[in-house]
Amino acid sequence: MLRTVVSAQEATKIKEMLAESRNVVITCHTGPDGDAIGSSLAMYEYLKRKGKQVVVIVPNYFPDYLRWMNDADKIIQYDRRRALSKSYFQQADLVIALDYNGMYRVDEMQLPLSHCRCKKLMIDHHENPENFCTIQLSRPEMSSTCELLYRLLIAMGEEKQISLHCAEDLYAGMCTDTGRFTYNSNDPEIYEIIAGLMRKGIDKDKIVRNIYNQYSEGRYRLLGHILLNKLELYPDLHASIFSVSREELKQFKYMKGDAEGFVNIPLEIKGTKLSISLREDTEKDRIFVSIRSYDDFSAQEVAEKYFNGGGHFHAAGGTLYCTIDEALDTARKALEAYRETLSQ
Ligand code: 5GP
Ligand code: MN
């Protein structure tokens, strides 16, 4: 038995909301990751089996290593199919917001989302949710949206309705949001949930291979370049920064998703407890910021104060609209500002 995270009352309300709806649009945040796509496809699978008209619409491209998931090919990418997406939003009587806490997180898809007058259901684990949904199931203490969705399905009495594909999607999201269960994963119930998913027949070893052993050659050449030439280590501050420019990304034939997880690597260096990654967008003039931390240092606070972002205590991100050199300056200033805490 899992402890109560979703109350019986909440589960009933959500179950009713799902039962009353016919046309459902499932959405997730821009730059979808394993948890965003995993929770979206798990919900899609569940609702499809309930006989609903359901589509998954994501703001933009999602990485190739998530395309093994069943029905991934049915996902609609908003920035490529605007007219079609808008018609789905117009017809929807329910929009589900998975793995994001505010409308700004869907980027340009805000337009159809905010115009949509239908009911909205948020299922998410990011701090400080914005109030834009009819029902808001927000649990920042959960390791992933997929973990929360599993708990919701159980609380709704729908264990039997979790199909093999649904279980695979949920495992993928739990696995990726915890770095293969190496951070944010000290809750023993996570392992009870994994056991539940394994009883559905998932091949968890194969899922891990599908996700992690599918990278391009360019990713590893780029990583080599970053570690050799770009990594700034600040041993006195137990911190590191690296930046990658658009030109460098092109040089290494960068494809979206190639730099995923790079920000975690400097933390493997003894004594490091903060890592900041700055990556220039290949299209627009903006810098994507990723921050990771250990122990009692908040990555989220740094993201909010310096990088127009947010996220979780140990894993956060943001965006800067400036040059890569200016972004580096900002990051160095951020480290300076925390000198006292970081140097301890
Ligand atoms: P990543 O570094 O993997 O892009 O993001 C780390 C975590 O921070 C993810 O959970 C992601 O959803 C969150 N995150 C990234 N950018 C932002 C942002 O601009 N705002 C908020 N609230 N969360 C973000
Ligand atoms: Mn997540």
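Predicted, not measured: the structure shown is a model, and the values here were computed from it.

## With respect to the sheet that holds strand E9 (residues 274–280)
1) Next: Across the sheet, 6 strands lie side by side as E7-E8-E9-E10-E12-E11; this open sheet has mixed pairing. Only two strands of the sheet have a single partner each, and these edge strands are strand E7 (232–234) and strand E11 (310–311).
2) Next: Each of E7 and strand E8 (239–244) touches helix H9 (residues 217–230); the most contacted strand, E8, lies at about 125° to it.

## Concerning the domain arrangement of the protein
1) Next: Along its sequence, the protein is organised into domain 1 (8–212) and domain 2 (220–342).
2) Next: With centres defined by C-alpha atoms, the gap from domain 1 to domain 2 works out at 27 Å.
3) Next: In this assembly, domain 1 packs against domain 2 so that about 900 Å² is buried in total across both faces, 44% of it on carbon and sulfur atoms.
4) Next: The interface formed by domain 1 and domain 2 includes 2 salt bridges.
5) Next: Between Arg286 and Asp107 there is a salt bridge whose closest N-O contact spans 3.9 Å.
6) Next: Across the domain 1-domain 2 interface, the total number found is 4 residue pairs in polar contact (both at pLDDT 80 or more).

## Concerning H9
1) Next: Taking 1.5 Å of rise per residue, 14 residues should cover 20 Å, and H9 covers 19 Å from first to last C-alpha, within 8% of that figure.
2) Next: Along H9, the residues that are buried comprise Gly218, Arg219, Leu222, Leu223, His225 and Ile226. In a view along the axis of H9, the buried residues occupy a sector of 160°, so they form one face of it. For H9, the exposed residues lying more than 90 degrees away from the buried face are Glu217, Arg221 and Leu228.
3) Next: On its buried face, H9 sits against E8 and helix H10 (246–251).

## A closer look at the sheet that holds strand E3 (residues 76–77)
1) Next: Overall, parallel pairing links the 6 strands, which are arranged E3-E2-E1-E4-E5-E6 in an open sheet. Unpaired on one side and paired on the other, E3 and strand E6 (135–138) mark the two borders of the sheet.
2) Next: As judged from the 2 bridges shared by strand E2 (residues 53–58) and E3, these two strands associate in the parallel manner. Residue pairing for E3: Ile57 is matched across the bridge by Ile76.
3) Next: On top of the sheet, helix H5 (residues 145–155) reaches strand E4 (94–98), strand E5 (119–124) and E6; it is set at about 115° to E5, its chief contact.

## Things to note about the site of ligand 1
1) Next: Lining the immediate environment of ligand 1, one finds 15 residues, of which Tyr104, Arg105, His126, Ser290 and Arg292 sit closest.
2) Next: Between an oxygen atom of ligand 1 and a side-chain N or O atom of His126, the distance comes to 2.9 Å.
3) Next: Notes on ligand 1: free accessible area 490 Å², of which the protein chains cover 79%.
4) Next: Contributing elements (two or more residues each) for the shell around ligand 1: strand E10 (287–293), E11 and strand E12 (315–320).
5) Next: Per-element tally for the shell around ligand 1: the top contributor is E12, with 4 residues.
6) Next: Built from parts of two domains, the shell around ligand 1 gets at least three residues from each of domain 1 (8–212) and domain 2 (220–342).

## Examining the coordination of the manganese ion (ligand 2)
1) Next: Coordination of the manganese ion (ligand 2) by the protein involves Asp35 (OD), Asp99 (OD), His125 (NE2) and Asp177 (OD), with metal-donor separations of 2.2 to 2.3 Å.
2) Next: Read from N- to C-terminus, the donor residues coordinating the manganese ion (ligand 2) fall into the pattern D-x63-D-x25-H-x51-D. Of the two residues, Asp35 sits in helix H2 (residues 34–49) while Asp99 sits in the loop between E4 and helix H4 (110–115), which places them 64 residues apart along the sequence. Of the two residues examined, Asp35 and Asp99, each falls in the buried class.

## Structural notes on the pattern of salt bridges
1) Next: The tally for this structure, following the rule as stated, stands at 28 salt bridges.
2) Next: With a shortest N-O distance of 2.7 Å, Glu232 and Arg332 are connected by a salt bridge. You can see Glu232 sitting in strand E7 and its partner Arg332 sitting in helix H12 (residues 324–337), a full 100 residues away along the chain.
3) Next: Residue classification places Arg332 among the partly exposed positions, given a relative accessible area of 33%.
4) Next: Two residues, Lys256 and Glu283, come together in a salt bridge whose shortest N-O distance is 3.5 Å. On the criterion of sequence distance, the pair formed by Lys256 in the loop between H10 and E9 and Glu283 in the loop between E9 and E10 is long-range, its members being 27 residues apart.

Calculation notes
Residues numbered from 1 in each chain as written. Chains lettered and ligands numbered in written order. Predicted model: local features only at pLDDT ≥ 70, side-chain atom pairs only at ≥ 80, totals over all residues. Heavy atoms only, no water. Pairing = 2+ DSSP bridges. Helix = DSSP H or I, 4+ residues; strand = E, 2+ residues; numbered from the N terminus. Contact = heavy atoms within 4.5 Å. Axes fitted to C-alpha atoms, helices over the stretch in contact; angles between N-to-C directions. Domains from an automatic or database assignment. Buried area = accessible area lost by both parts, 1.4 Å probe. Salt bridge = Lys/Arg side-chain N within 4 Å of Asp/Glu carboxyl O. Polar contact = N/O pair within 3.5 Å; in protein donor to acceptor, adjacent residues only side chain to side chain. Expected span 1.5 Å × (residues − 1). Buried < 20%, exposed > 50% of the residue type's maximum accessible area, 1.4 Å probe, protein only. Arc of directions from axis to C-beta. Near = heavy atom within 4 Å. Areas by Shrake-Rupley, 256 points an atom, 1.4 Å probe, with all protein chains shown as cover. Donors = N, O, S within 2.8 Å, 3.2 Å for Na, K, Ca; no water.

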